[in-house]
Amino acid sequence: GQSLEQPSEVTAVEGAIVQINCTYQTSGFYGLSWYQQHDGGAPTFLSYNALDGLEETGRFSSFLSRSDSYGYLLLQELQMKDSASYFCAVRGGSYIPTFGRGTSLIVHP
Amino acid sequence: DAEITQSPRHKITETGRQVTLACHQTWNHNNMFWYRQDLGHGLRLIHYSYGVQDTNKGEVSDGYSVSRSNTEDLPLTLESAASSQTSVYFCASSEGQYNSPLHFGNGTRLTVT
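A. Representation of the sheet that holds strand S3 (residues 19-25) of chain B within the structure. All names here are of chain B. One open sheet accounts for four strands, arranged S1-S3-S8-S7; its pairing is antiparallel. Edge positions in the sheet fall to strand S1 (4-7) and strand S7 (64-66), since each of these pairs with one other strand and no more. Sheet twist, expressed as the average angle between the axes of neighbouring strands with direction ignored, equals 20°. Pairing analysis gives three bridges linking S3 to strand S8 (residues 76-78), with the strands arranged antiparallel.

B. Spotlight on the nonpolar core. Counting residues in each nonpolar core, the largest one holds 21 residues, and the members touching the most others are A:Leu32, A:Trp34, A:Leu75, A:Tyr86 and A:Leu105. Those elements that provide at least two residues to this core are strand S2 (9-13), strand S3 (18-25), strand S4 (32-37), strand S7 (60-65), strand S8 (70-75), strand S9 (84-91) and strand S11 (103-108) of chain A. In contact with A:Leu32, not counting residues within four places along its chain, are A:Leu4, A:Cys22, A:Tyr24, A:Ser47, A:Tyr48, A:Asn49, A:Leu64, A:Gly71, A:Cys88, A:Ala89 and A:Val90. One finds B:Tyr64, B:Leu78, B:Ala81 and B:Leu110 within the second-largest nonpolar core, a separate group that totals 18 residues.

C. Structural view of the side chain of B:Thr71. Residues and elements named next belong to chain B. Among the structural elements, Thr71 can be located in the loop between S7 and S8. The exposure class of Thr71 is buried, given its relative accessible area of 17%. Setting aside residues up to four positions removed in sequence, Thr71 forms contacts with Gln25, Asn28, His29, Asn30, Met32 and Val52.

Rules used in this analysis
Residues numbered from 1 in each chain as written. Chains lettered and ligands numbered in written order. Predicted model: local features only at pLDDT ≥ 70, side-chain atom pairs only at ≥ 80, totals over all residues. Heavy atoms only, no water. Pairing = 2+ DSSP bridges. Helix = DSSP H or I, 4+ residues; strand = E, 2+ residues; numbered from the N terminus. Axes fitted to C-alpha atoms, helices over the stretch in contact; angles between N-to-C directions. Core = buried A, V, L, I, M, F, W, Y, C linked by side-chain atoms within 4.5 Å. Buried < 20%, exposed > 50% of the residue type's maximum accessible area, 1.4 Å probe, protein only. Contact = heavy atoms within 4.5 Å.

Dropping the structure here:
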């Protein structure tokens, strides 16, 4: 089976940098993705890592270490609109996308 | 623009009734998924399909069924609704099986009374 662990909640202030960690266990690995979900909305894709290293997309970056079964999402220059839930997801055996339980990010002014 | 549409957005039904939630995508994606979202559990996979006539059970498939008669649609049926199936249901599609992002519909909030 597949399982993912991520913190349930993270708080930060506007303008700061925050890191959301994700560890996973999976049979077969086809990449780690991150999704953002605002209250009442649908999850939307943020980033994808298949190989080790850092991927940067604007204020958001995502990192993967396959040897450690670990990744993180880094959000810089936090804005109030970044308050949302963030989910890591892996594609494992049978290419099934499995999601973590989500991290609620609260940004304070 | 291509999109994925779920209907209805909200549904209230009684225990024991059969309910069908619709999912329609115009991305022409072969891969489609149904998830349920509950507080503290994140997104859990119910059923998925990798093409027409292909359906597979996910982590929480008991009490649910799907059918895939064309590329665009993957309806989710609750055979006999139970209060434990009160949840928000999301349909998603993706172009490929390896690294393609999931495109989600806006969800259906189902309440079983």
